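Tertiary structure, described
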Amino acid sequence: MTITPIERLCATPEEAAEALRVSKSRIYDLLRTNQLHSIKIGRSRLIPVDELRRFVAEQSLAPVTA
């Protein structure tokens, strides 16, 4: 019997920062300004992986300003 790894559904703010290549402070800024949404389970703040994908897709569509 082969055990299939479970796909991660959420990331911690630290993991999200690493995935997006930004600081943890920047992730908390994005959460505070509702640009990135999270869920809370107990005392843990988690960011759904689909939310990270949505954020990146939205940023790639945003017009570049100089």
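Everything here concerns the structure above.
Residues numbered from 1 in each chain as written. Predicted model: local features only at pLDDT ≥ 70, side-chain atom pairs only at ≥ 80, totals over all residues. Heavy atoms only, no water.

As for the overall build of the protein
- Per the secondary structure count, the protein includes three helices and three strands.
- For 66 residues, the compact-globule estimate of 2.2 N^0.38 gives 11 Å, and the C-alpha radius of gyration of the protein, at 14 Å, exceeds that figure by more than 25%.
- Seen through its principal axes, the protein has C-alpha atoms that stretch 55 × 25 × 15 Å.
- Taken over 66 residues, the protein has a buried fraction of 21%.
- Counted over contacts in the protein with a minimum sequence separation of 6, partners at least 24 positions apart contribute 40%.
- Summed over its atoms, the accessible surface of the protein is roughly 5,400 Å², and 56% of this surface lies on carbon and sulfur atoms.
- Of the side chains in the protein, 10 bear a positive and 8 a negative charge, and the two mean positions are spaced by 6 Å. (Helix = DSSP H or I, 4+ residues; strand = E, 2+ residues; numbered from the N terminus. Rg over C-alpha atoms; globule rule 2.2 N^0.38 Å. Buried < 20%, exposed > 50% of the residue type's maximum accessible area, 1.4 Å probe, protein only. Contact = heavy atoms within 4.5 Å. Areas by Shrake-Rupley, 256 points an atom, 1.4 Å probe, with all protein chains shown as cover. Lys, Arg positive; Asp, Glu negative; His and termini not counted. Charge placed at Lys NZ, Arg CZ, Asp CG, Glu CD.)

Observations concerning the packing of helix α1 (residues 13-20) against helix α2 (residues 24-32)
- The interhelical angle for the contact between α1 and α2, taken along N-to-C directions, is 105°, at an axis separation of 8 Å. The angle between α1 and α2 places the two elements in the roughly perpendicular class. Side by side, α1 and α2 meet where Pro13, Glu14, Ala16, Ala17 and Leu20 of the first sit next to Lys24, Ile27 and Tyr28 of the second.
- Residues that form the contact of α1 with α2 fall into these classes: six nonpolar, no polar and two charged. (Axes fitted to C-alpha atoms, helices over the stretch in contact; angles between N-to-C directions. Parallel < 35°, antiparallel > 145°, perpendicular 65-115°, else oblique. Nonpolar A, V, L, I, M, F, W, Y, C, P; charged D, E, K, R; others polar.)

Comments concerning the nonpolar core
- Judged by nonpolar contacts, Ala11, Ala16, Ala17, Ile27, Leu30, Leu31, Leu36, Ile47, Leu52 and Phe55 together constitute the single largest core of 10 residues.
- Going through the elements one at a time, α1, α2 and α3 (49-61) are the ones with two or more residues in this core.
- Not counting chain neighbours up to four residues away, the residues in contact with Ala17 comprise Val22, Ser23, Lys24 and Ile27. (Core = buried A, V, L, I, M, F, W, Y, C linked by side-chain atoms within 4.5 Å.)

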